[in-house]
Amino acid sequence: MNTTIAIQVLPVTASQEDLLRIVDSVIAYIASTGCNYQVGPLETTVEGDYEELLDIVKEAQLICIRQGADSVKSYVKIFYNPKDHLLTIDEKTKKYR
């Protein structure tokens, strides 16, 4: 593991129910990848290898459109560290839970 991403997808939909349904589909996809992840109130954080996580970001956009969004806005944070230890989600948040 050399990368952590935080992704927030905001599908443009006619209703809040559709938005939540589509976001749930994206989270289900992330869960299916086998990557370690944590859902937060504004974004989902995922750990893995750089290329794999970039593929997840791409697929998240496509899922939104396939699920009926007119368009999608996404906000992505990427921390890539191929040489040193990358702090895990648990290492960063354990003391707060």
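Preceding block: the structure.
Residues numbered from 1 in each chain as written. Predicted model: local features only at pLDDT ≥ 70, side-chain atom pairs only at ≥ 80, totals over all residues. Heavy atoms only, no water.

(A) Spatial organisation of the environment of Val 12. Tracing the chain through its elements places Val 12 in strand β1 (residues 3-12). Judged by its relative accessible area of 31%, Val 12 is partly exposed. Between the C-alpha atoms of Val 12 and Leu 42, which are 30 residues apart in sequence, the distance is 16 Å. Contacts of Val 12, omitting those with residues within four sequence positions, involve Ala 69, Asp 70, Ser 71, Val 72 and Lys 73. (Helix = DSSP H or I, 4+ residues; strand = E, 2+ residues; numbered from the N terminus. Buried < 20%, exposed > 50% of the residue type's maximum accessible area, 1.4 Å probe, protein only. Contact = heavy atoms within 4.5 Å.)

(B) Broad picture of helix α1 (residues 16-32). An ideal rise of 1.5 Å per residue puts 24 Å on 17 residues; α1 measures up with 24 Å between its terminal C-alpha atoms. Within α1, the full set of buried residues consists of Ile 22, Val 23, Val 26 and Ile 30. Along the long axis of α1, the arc covered by the buried residues comes to 100°, so they all point the same way. What points out from α1, more than 90 degrees from its buried face, is the exposed set Glu 17 and Ser 32. In this structure, the buried residues of α1 make contact with β1, β2 (36-39), β3 (44-48) and α2 (50-66). Positive backbone phi, at 85°, marks Gly 34, one or two positions downstream of α1. (Expected span 1.5 Å × (residues − 1). Arc of directions from axis to C-beta.)

(C) Main features of the layout of surface pockets. By volume, the largest pocket amounts to about 240 Å³. What lines the largest pocket is a set of 15 residues, among which Gln 8, Val 9, Val 23, Leu 42 and Glu 43 lie closest to the centre. (1 Å grid on protein atoms, 1.4 Å probe; cavity = no way out; pocket = protein on both sides within 12 Å on 5 of 7 lines; lining within 4 Å. Points joined across faces, edges and corners; volume = space filled by probe spheres on them.)

(D) The arrangement of the sheet that holds strand β4 (residues 71-80) in detail. Pairing within the open sheet is antiparallel, and its four strands lie in the order β2-β3-β1-β4. Each edge of the sheet is formed by a strand with only one pairing partner; in this case those strands are β2 and β4. Across the sheet, the mean angle separating the axes of adjacent strands is 20° when strand polarity is ignored. Note that β1 and β3 share five bridges and pair antiparallel. In the sheet register, Ile 7 faces β3, and the bridge partner there is Thr 44. Helix-sheet contacts for α1 involve β1, β2 and β3, and the interaxial angle to β1 is about 155°. Against the sheet, α2 contacts β1, β3 and β4, and its axis sits at roughly 10° relative to β1. (Pairing = 2+ DSSP bridges. Axes fitted to C-alpha atoms, helices over the stretch in contact; angles between N-to-C directions.)

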